[in-house]
There are 2 protein chains.
Amino acid sequence: MPAATPLTARRARTRQRLLDAALDVFAEEGFGRTTVERVCERAGFTRGAFYSNFTSLDELFLAMWEQRSTAMVDDVRAALAGVADGSPDDALRAALAAIPVDDAWYRVTAEFTAHALRNPALRRVMAARERSIQDAVLPVIVAALARTGRRVTDEAALGHALVAVHDGTTVQVLLEPDDATARIRREALFMNVLHAYSTPITADDR
Amino acid sequence: MPAATPLTARRARTRQRLLDAALDVFAEEGFGRTTVERVCERAGFTRGAFYSNFTSLDELFLAMWEQRSTAMVDDVRAALAGVADGSPDDALRAALAAIPVDDAWYRVTAEFTAHALRNPALRRVMAARERSIQDAVLPVIVAALARTGRRVTDEAALGHALVAVHDGTTVQVLLEPDDATARIRREALFMNVLHAYSTPITADDR
DNA sequence: CGTATTGGATACGTTCGTGTATCGAACGTT
DNA sequence: AACGTTCGATACACGAACGTATCCAATACG
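These numbers come from a predicted model, not from an experiment.

A. The arrangement of the packing of helix α1 (residues 9-29) of chain A against helix α2 (residues 36-43) of chain A in detail. Residue and element names in this part refer to chain A. Across the interface, α1 lies against α2 with an axial gap of 8 Å and an inter-helix angle of 125°. By the angle between their axes, α1 is oblique relative to α2. In terms of crossing hand, the pair formed by α1 and α2 is right-handed. On α2, the residues touching R17, L18, A21, A22, D24, V25, E28 and E29 of α1 are R38, V39, C40, R42 and A43.

Here you go:
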């Protein structure tokens, strides 16, 4: 008889269904307009189920966000790791182009970020995520660049630049759903930034 | 006796007070959690005043947003126009660094953008703003670059890249309030992008 | 200076979401 | 197979925000 939460299989299932529903509803209704009731009905439960699994909507959101956030980082990391020892620039460009542009996830993240700016504790959560993105993605980028014969000059600066470009261009792509130009410009900007923050390794280096 | 809205001086004053209050409250409470009541009490009115000036909270928000948005664009344009015929790179860099990073405005815009992705009409509003930014800012940038001896290769691409970098780095600066590094990185990235999308004009050009 | 009109305040009924307290049913353990 | 435990449903009381309908006061106009 565990003291806090037994966490049986059944419990885990409904918890996950609530988490999944949360992403959908938060994306559809918006961060501030989301209610406990709608999340529950989306998950096929009543509020009773919710209150026996979470204590507040904030708690549910945070749990959902952490889960999805780490999953996203893993996805990106995997996509970039796949570059391996292929052809030079094009493989890298293709890998960057494969980074998913997810409508629902963007909305949730953007609104949560805005919200986090009001709350020191949440701001720390966002800062931590930024760090974990850097930690997970940068090594892979550096390695991929090395395979194309380039050495990164300032890793931290490159990391932040890539995140900024990613975030900034994601909106543009989403706002122009049927304009392929946006995606192309995005990829080009990614490559330009990679280029700006690295130098070719020549034979006489070092 | 005008048919629609007489728009007397008194009316205009309370309208403006409501618009000003709207920015504050939307920034503080968030897009979804903002209520008519709070906006009114912030402006020093009751709901009666509101409903005799606007028909819905959405209408108030849009009016406020258009007003502020064009004001912001004008500010940026003015800041960049000031580069005039000064010293080369540094003046441009200083001008870019002077672009305001406004906490409240960022929150409002970010949340509104997320919301606009759900509504075709609003999405068009955002797209129009993007265009007006390009139209207002690009010529000034191109001119400033020309004074430093550089010619822009792809104006549209540069415009979108600058907006993306602006948006992406603004969050980073706001999330790290007391870290000067973020601002410096921001400026550096701006300059790198300007550099990537332009070439030096040499004597043998053309 | 007086009167008509407009702008904003007050009062009201309604809807919607919340959180708690209670109850019934599915689970798994021996 | 029976029984105790846990999970989720149902019922309830409360509060918040909305939008309208009505009323009083400030303003503009003759």
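Anyway, onward from the coordinates.
B. Highlighting the interface of chain B and chain A. Of the residues lining the interface, 41 residues belong to chain B; the matching set on chain A comes to 41 residues. Carbon and sulfur atoms supply 60% of the area that chain B and chain A bury against each other, a total of about 3400 Å² over both sides. The tally of links from chain B across to chain A stands at two salt bridges. Close ionic contact of R118(B) with E111(A) constitutes a salt bridge, the shortest N to O distance being 3.4 Å. Connecting chain B to chain A are 15 residue pairs in polar contact (both at pLDDT 80 or more). Elements with a minimum of two residues in the side of chain B that touches chain A: α1 (9-29), α6 (103-116), α7 (120-147), α8 (155-175) and α9 (180-196) of chain B.

C. A look at the protein's contact with DNA strand C. Taken together, 17 residues form the shell around DNA strand C, and within it R47(A), Y51(A), R10(B), T14(B) and T46(B) come nearest. When the atoms of DNA strand C within 4 Å of the protein are sorted by group, sugar and phosphate make up 71%. Between Y51(A) and DNA strand C, the recorded distance is 2.3 Å, taken from a side-chain N or O atom to a phosphate oxygen. Counting only elements with at least two residues in the surface near DNA strand C, the list comes to α2 and α3 (47-51) of chain A together with α1 and α3 (47-51) of chain B. Among the residues forming the surface near DNA strand C, the class breakdown is four nonpolar, seven polar and six charged.

D. Looking closely at the pattern of salt bridges. Scanning all chains against the criterion turns up 18 salt bridges over all chains. Across the salt bridge formed by R47(B) and E37(B), the nearest N and O atoms sit 3.1 Å from each other. One end of the pair, R47(B), is in helix α3; the other, E37(B), is in helix α2 (residues 36-43), with ten residues separating them in the sequence. In this structure E37(B) comes out as partly exposed when scored by relative accessible area, which is 47%. Through salt bridges with shared partners, one network takes in D24(A), E28(A) and R42(A).

Basis of the calculations
- Residues numbered from 1 in each chain as written.
- Chains lettered and ligands numbered in written order.
- Predicted model: local features only at pLDDT ≥ 70, side-chain atom pairs only at ≥ 80, totals over all residues.
- Heavy atoms only, no water.
- Axes fitted to C-alpha atoms, helices over the stretch in contact; angles between N-to-C directions.
- Helix = DSSP H or I, 4+ residues; strand = E, 2+ residues; numbered from the N terminus.
- Parallel < 35°, antiparallel > 145°, perpendicular 65-115°, else oblique.
- Left-handed = near helix turned anticlockwise from the far one by under 90°.
- Contact = heavy atoms within 4.5 Å.
- Buried area = accessible area lost by both parts, 1.4 Å probe.
- Salt bridge = Lys/Arg side-chain N within 4 Å of Asp/Glu carboxyl O.
- Polar contact = N/O pair within 3.5 Å; in protein donor to acceptor, adjacent residues only side chain to side chain.
- Near = heavy atom within 4 Å.
- Nonpolar A, V, L, I, M, F, W, Y, C, P; charged D, E, K, R; others polar.
- Buried < 20%, exposed > 50% of the residue type's maximum accessible area, 1.4 Å probe, protein only.

From the geometry alone we can't say anything about function, so treat these as descriptive.
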